[in-house]
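So you can see what is in the structure, the chains are spelled out below.
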Amino acid sequence: MNTATDPQVPPPALDLDEVSVAYGPAVALENIDGMVAPGEAVALIGPNGAGKSTLIKAILGLVPLAGGRITVLGRPPAAARRDVAYVPQADTLDPEFPISVGQVVLMGRYRRIGWLRRAKATDKEAARRALEQVGLADRARHRFGTLSGGQRQRVLLARAIAAEPRLLLLDEPFNGVDAVSEQALLDAIARLKQDGAAVVVSTHDLTLAHLACEEVCLLNRRQYGFGPTNATLTPHRLRATYGGHALELRGDRVIVAHS
Ligand SMILES: Nc1ncnc2c1ncn2[C@@H]1O[C@H](COP(=O)(O)OP(=O)(O)OP(=O)(O)O)[C@@H](O)[C@H]1O
């Protein structure tokens, strides 16, 4: 989607314009198109290998585009990095890393502080508040690796909150988290949106999409829908997105039957 630039109107948080990405000869994403406004969230939904993480990496400017354009807060992705925070999948991190929970969260401030400067009282306060927002204020001095998977995911979200992002990217944040962590994540996302941040969250969890996201983007290499959550998450579209596999809905969670 390409928007005309009007200096009076704030730019969308994210504008995807016919985005394509390839790894060598293999096309991972083809002609993805959509927009996210400040204060809104979009869920990226699709099966394993659909290209959700690839799209997040492209928004971060970490993979080159084979075609199209991504605009973040009116700028190319690399120029917007300071205003973008990213929460990776928890299982991609080494829990043995000898660092305290408080230090992990303070890392979210480093782009503001500069890596070689010392954190100021305002940075420490921002980190403390972020940890409080995810319900782990009492764990600041604990070693990161001693926390559960769900708690570590919340710490990484706190690190992102401490960065005061205008665009937050979350890669499957609900994988393996319990109901308490799930609620803490939902509350934190809601607060960020209230503060005007936009959120992009890759997930297999339709409950998360319904509870936290105004819009969804259905992906499986190409786009099977991008629009308001209720109108877009139809069984017909989901079935098409999940490659024609028989689709079982349990509650409102998608279970793909490999028939
Ligand atoms: N660095 C890479 N080099 C080559 N191919 C890659 C690379 N990263 C991803 N791919 C391929 O691109 C496609 C999309 O992968 P991606 O990780 O973006 O999917 P995903 O939707 O995030 O999947 P999941 O739900 O399993 O995390 C897959 O076919 C994957 O094998």
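Values in this document were obtained by computation on a predicted structure and should not be read as measured data. (Residues numbered from 1 in each chain as written. Predicted model: local features only at pLDDT ≥ 70, side-chain atom pairs only at ≥ 80, totals over all residues.)

Before going further, it helps to examine the site of the ligand. For the ligand, the full set of nearby residues is Tyr-23, Ala-26, Ala-28, Gly-46, Asn-48, Gly-49, Ala-50, Gly-51, Lys-52, Ser-53 and Thr-54. Every element with two or more residues in the shell around the ligand is listed here: strand S2 (26-36) and helix H1 (52-59). Sorting elements by how many residues they give to the shell around the ligand places H1 first, with three residues. Classifying every residue of the shell around the ligand gives four nonpolar, six polar and one charged. (Near = placed C-beta within 6 Å. Helix = DSSP H or I, 4+ residues; strand = E, 2+ residues; numbered from the N terminus. Nonpolar A, V, L, I, M, F, W, Y, C, P; charged D, E, K, R; others polar.)

Among the eight residues of H1, six are classified as buried, and the element is accordingly described as predominantly covered. Looking at H1, one finds that the buried residues are Lys-52, Thr-54, Leu-55, Ile-56, Ala-58 and Ile-59. At the exit of H1 stands Gly-61, carrying a positive phi of roughly 75 degrees. (Buried ≥ 20, exposed ≤ 12 C-beta atoms within 10 Å, placed from the backbone.)

With that out of the way, let us pick up the packing of helix H5 (residues 149-162) against helix H6 (residues 179-194). Contact geometry of H5 with H6 gives a least axis separation of 10 Å together with a crossing angle of 10 degrees. Judged by the inter-axis angle, H5 sits roughly parallel to H6. Residues Gly-150, Gln-151, Gln-153, Arg-154, Leu-157 and Ile-161 of H5 touch H6, and the partners they reach there are Ser-181, Ala-184, Leu-185, Ala-188 and Leu-192. A per-class count over the contact of H5 with H6 returns six nonpolar, four polar and one charged. (Axes fitted to C-alpha atoms, helices over the stretch in contact; angles between N-to-C directions. Parallel < 35°, antiparallel > 145°, perpendicular 65-115°, else oblique. Contact = placed C-beta atoms within 7 Å.)

Here Leu-16 is to be found in strand S1 (residues 14-23). Take Leu-16: there are 27 C-beta atoms within 10 Å of it, and that puts it in the buried class. Measuring from C-alpha to C-alpha, the distance between Leu-16 and Asn-31 comes to 8.9 Å, with 15 residues separating the pair along the chain.

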